[in-house]
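What follows is each chain in one-letter form.
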Amino acid sequence: MTKADTHQAEAPGGNSLKFATSGLRGLVTELNGVPAHAYTRAFAEMLKEDGAATGPDGTVLVGQDLSGSSPSIARLCCAALRDA
């Protein structure tokens, strides 16, 4: 990963969250909560603005892995998509 395709998230006290070509990355303890919701909502708003979110039925798939935090993060992402 190059410096050009990574952005260190700004937060008081610093954290590990980075946005790169593969999406938002970082420690789950820093991602789960407001960051997951905020980044998902911003992404959904961007898709709406450029017309990329105009599918036939508006369906968005949210995936998860077997990590214990996946259900919580998936719920946050779904809530952000509904809010967008």
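Computed from a predicted structure; not experimentally measured.

Participant: Got a minute to help me understand the nonpolar core in this structure?
Facilitator: Nonpolar side chains in soluble globular proteins generally cluster together in the buried interior. Counting six residues, the largest nonpolar core is built from Leu17, Leu24, Leu31, Ala36, Ile73 and Cys77. With residues up to four places along the chain from it excluded, the contact list for isoleucine 73 reads Val28, Leu31, Asn32 and Ala36.

Participant: Would you mind going over the side chain of threonine 40 with me for this structure?
Facilitator: The topology assignment puts threonine 40 in helix α2 (residues 34-49). Beyond its immediate stretch of four places on either side in the chain, threonine 40 contacts Cys77, Ala80 and Leu81.

Participant: Help me understand α2 in this model?
Facilitator: Quick reminder: α-helices carry 3.6 residues per turn. Residues three or four places apart thus point the same way. Counted at 1.5 Å a residue, the expected span for α2 with its 16 residues is 22 Å, and the 22 Å between its end C-alpha atoms agrees. Buried within α2 are the following residues: Ala36, Thr40 and Ala44. Seen from one end, α2 has its buried residues packed into an arc of 55°, which puts them on one side. Turned more than 90 degrees away from the buried face of α2, the exposed residues are Val34 and Glu49. In this structure, the buried side of α2 is in contact with α1 (28-31) and α3 (70-83). Two residues or fewer after α2 comes glycine 51, characterised by a positive phi angle close to 85°.

Participant: Help me out: how do you make sense of the packing of aromatic side chains in this one?
Facilitator: Given two aromatic rings, their pairing is described by the distance between the two centres and the angle made by the two planes. Scanning all chains against the criterion turns up one aromatic pair. Between phenylalanine 19 and tyrosine 39, the aromatic rings sit 6.3 Å apart at their centres with planes inclined by 15°, giving stacked as the arrangement. Of this pair, phenylalanine 19 sits in strand β2 (residues 18-20) while tyrosine 39 sits in helix α2, and the two are 20 residues apart along the sequence.

Participant: It is not clear to me how the pattern of salt bridges should be interpreted in this structure. Could you clarify?
Facilitator: Pairing between side chains becomes possible if they bear opposite charge and their charged atoms approach one another. Summed over the entire model, instances satisfying the criterion amount to two salt bridges. Here glutamate 45 ties to lysine 48 by a salt bridge, and the two come within 3.9 Å at their closest N and O atoms. Within this pair, glutamate 45 and its partner lysine 48 are both found in helix α2, separated by three residues, close to a single helical turn. Each of Arg41, Glu45 and Lys48 takes part in salt bridges that share partners, so that together they form one network.

Definitions and cut-offs
Residues numbered from 1 in each chain as written. Predicted model: local features only at pLDDT ≥ 70, side-chain atom pairs only at ≥ 80, totals over all residues. Heavy atoms only, no water. Core = buried A, V, L, I, M, F, W, Y, C linked by side-chain atoms within 4.5 Å. Buried < 20%, exposed > 50% of the residue type's maximum accessible area, 1.4 Å probe, protein only. Contact = heavy atoms within 4.5 Å. Helix = DSSP H or I, 4+ residues; strand = E, 2+ residues; numbered from the N terminus. Expected span 1.5 Å × (residues − 1). Arc of directions from axis to C-beta. Phe/Tyr/Trp six-rings, centres within 6.5 Å; stacked < 30°, edge-to-face > 60°. Salt bridge = Lys/Arg side-chain N within 4 Å of Asp/Glu carboxyl O.

On their own, these measurements won't tell you what the molecule is for.
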